[in-house]
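These are the residues of each chain, in order.
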Amino acid sequence: MNSFFITFEGIEGSGKSTVASSISKRFEDAGYTPLLTREPGGTRLSEDIRKILLDPKRNDMCEKTELMLYLASRAQLVKEVIKPALDNGRIVLCDRYFDATMAYQGWARGIGEEMISQLNKVTVGNVIPDLTFLLDLSVEEGFGRGPEHREETGVRVRDRLELEDMEFHKRVRAGYLRIADREKERVKLIDASKKFDFVLSEITRNINDRFGLSI
Ligand code: TMP
């Protein structure tokens, strides 16, 4: 079977992490051995970078440092995990990937499309997702669902990016919608305000149609 690469994107509270693990489970139940990973993170080094990036106390981080750290985390993940898995014919599922850099750093931080587009290319080479699900909902609704992160203590706290104001997150959403509009073939827009079962069945249907499967 040919390998393929699927990514999940969305604003905070869109539910993409839960959806990504449910889709991974669907693949497993259908007899596949998918690799589920996340960004930033997914390797030892990248998880260390993640801690720095999301630490709410690091409010001194400048935009370019933030950008470079996301890219560094991704370069390591691609080299160490994603590329070898795809080369071995596996299905790779990733919770966020380079579209997040375009939406957050490119649009919301204002670094700009051209610079991000070039740096994304340098970072991932030809490791481009075959299919991307953009779980879309309003920023108000996303925030209403509360932070997805859980500290070891079990207490939910907002991370450094989640602490940005509503206007920042509205720019993130607008950035994502722009990507979906431009890349209709790769990026599927999913209404994440709908019930979880509906969202999951929409995604499953798209995967089955695209790859000729029945998970
Ligand atoms: P998560 O909430 O999906 O775990 O992602 C961590 C945060 O990092 C989230 O606020 C989005 C942000 N992010 C970026 O700003 N740029 C990126 O390139 C990636 C992958 C994530």
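Further up the page is the structure itself.
Residues numbered from 1 in each chain as written. Predicted model: local features only at pLDDT ≥ 70, side-chain atom pairs only at ≥ 80, totals over all residues. Heavy atoms only, no water.

Participant: Got a minute to help me understand the pattern of salt bridges in this structure?
Facilitator: When the charged atoms of two side chains lie near each other, side chains of opposite charge can form a pair. Across all of its chains, the model carries 20 salt bridges by this definition. Note that Lys16 and Asp95 form a salt bridge whose closest N and O atoms lie 2.8 Å from each other. Of this pair, Lys16 sits in helix 1 (residues 16-29) while Asp95 sits in strand 3 (residues 91-95), and the two are 79 residues apart along the sequence. When its relative accessible area of 5% is taken as the criterion, Lys16 is described as buried. Residue classification places Asp95 among the buried positions, given a relative accessible area of 9%. A salt bridge links Glu185 to Arg210, with the shortest nitrogen-to-oxygen separation between them at 3.7 Å. (Salt bridge = Lys/Arg side-chain N within 4 Å of Asp/Glu carboxyl O. Helix = DSSP H or I, 4+ residues; strand = E, 2+ residues; numbered from the N terminus. Buried < 20%, exposed > 50% of the residue type's maximum accessible area, 1.4 Å probe, protein only.)

Participant: What's the story with the sheet that holds strand 2 (residues 35-38) in this structure? I'm lost.
Facilitator: Sheet strands associate in pairs through backbone hydrogen bonding, adopting either a parallel or an antiparallel arrangement. If you trace the five strands from one edge of the open sheet to the other, you get 2-3-1-4-5, paired in parallel fashion. Both edges of this open sheet fall to strand 2 and strand 5 (187-191), since each of them pairs with a single strand only. Across the sheet, the mean angle separating the axes of adjacent strands is 20° when strand polarity is ignored. Where strand 4 (residues 131-136) lies against strand 5, five bridges are found, and the strand directions are parallel. Paired with Phe133 across the strands is Lys188, a residue of strand 5. (Pairing = 2+ DSSP bridges. Axes fitted to C-alpha atoms, helices over the stretch in contact; angles between N-to-C directions.)

Participant: So what exactly am I meant to see when it comes to the side chain of Arg96 here?
Facilitator: Tracing the backbone shows Arg96 in the loop between strand 3 and helix 4 (98-108). Of the side chains bearing the opposite charge, Glu9 lies closest to the buried Arg96, which forms no salt bridge; the N-O distance is 4.0 Å. Of the polar contacts made by the side chain of Arg96, one reaches the side chain of Tyr176; its length is 2.9 Å. Those residues in contact with Arg96 that sit more than four places away from it in its chain are Phe8, Glu9, Gly10, Ile11, Glu12, Lys16, Glu39, Tyr104 and Tyr176. (Lys, Arg positive; Asp, Glu negative; His and termini not counted. Polar contact = N/O pair within 3.5 Å; in protein donor to acceptor, adjacent residues only side chain to side chain. Contact = heavy atoms within 4.5 Å.)

Participant: Even after reading the chapter, I still don't get helix 3 (residues 63-87), so can you show me in this structure?
Facilitator: Counting along an α-helix, one turn takes 3.6 residues, and residues three or four places apart therefore face a common direction. Its 25 residues place the ends of helix 3 34 Å apart at the C-alpha level, agreeing with the 36 Å of an ideal helix rising 1.5 Å per residue. Along helix 3, the sharpest kink reaches roughly 50°, centred on Val78. Among all positions of helix 3, only Glu66, Leu67, Tyr70, Leu71, Ser73, Arg74, Leu77, Val78, Val81, Ile82, Ala85 and Leu86 are buried. Packed against the buried residues of helix 3 are strand 1 (4-10), strand 2, helix 2 (44-54), strand 3, helix 4 and helix 5 (113-124). (Expected span 1.5 Å × (residues − 1). Bend = angle between axes of the 7 residues up to and from the residue.)

Participant: Would you take a moment to explain the packing of helix 4 against helix 7 (residues 166-182) for this structure?
Facilitator: When two helices pack together, their arrangement is captured by the angle between the axes and the distance separating the axes. One way to put it is that helix 4 packs onto helix 7 with a least axis distance of 8 Å and a crossing angle of 130°. It follows from the interaxial angle that helix 4 and helix 7 lie oblique. In this structure, helix 4 crosses over helix 7, and the sense of that crossing is right-handed. Contacts from Asp99, Ala100, Met102, Ala103, Tyr104, Trp107 and Ala108 in helix 4 reach Phe168, Arg171, Val172, Gly175, Tyr176, Arg178 and Ile179 in helix 7. Of the residues contributing to the contact of helix 4 with helix 7, the split by class is ten nonpolar, one polar and three charged. (Parallel < 35°, antiparallel > 145°, perpendicular 65-115°, else oblique. Left-handed = near helix turned anticlockwise from the far one by under 90°. Nonpolar A, V, L, I, M, F, W, Y, C, P; charged D, E, K, R; others polar.)

Participant: I tried to follow the packing of helix 1 against helix 8 (residues 196-211) on my own but got confused; where do I start?
Facilitator: Relative orientation of the contacting elements helix 1 and helix 8 amounts to 55°, with a least axis distance of 11 Å. By the angle between their directions, the pair helix 1 and helix 8 is classed as oblique. Taken as a pair, helix 1 and helix 8 cross one another with a handedness that is right-handed. Across from Thr18, Val19, Ser22, Ile23, Arg26 and Phe27 in helix 1, the residues of helix 8 making contact are Phe196, Val199, Leu200, Ile203, Thr204 and Ile207.

Participant: What exactly am I supposed to notice about the environment of Gly10 here?
Facilitator: Tracing the chain through its elements places Gly10 in strand 1. Remark: the alpha-carbon pair of Gly10 and Ser138, spanning 128 residues in sequence, is separated by 10 Å.

Participant: Is there a simple way to think about the packing of aromatic side chains in this case?
Facilitator: When we look at a pair of aromatic rings, we describe it by the centre distance and by the angle of the planes. The final tally for this structure, using the stated rule, is eight aromatic pairs. Measuring from ring centre to ring centre gives 6.2 Å for Phe4 and Phe27, while their planes differ by 50°; the resulting arrangement is tilted. Taken together, the residues span a long stretch of sequence, with Phe4 in strand 1 and Phe27 in helix 1 at a distance of 23 residues. Each of the two residues, Phe4 as well as Phe27, counts as buried. Among the aromatic residues, those joined into a ring-pair cluster are Phe4, Phe27, Tyr32 and Phe211. Cation over ring: Arg74 sits above Tyr97, and NZ or CZ is 5.6 Å from the ring centre. (Phe/Tyr/Trp six-rings, centres within 6.5 Å; stacked < 30°, edge-to-face > 60°. Lys NZ or Arg CZ within 6 Å of the ring centre and 35° of its normal.)

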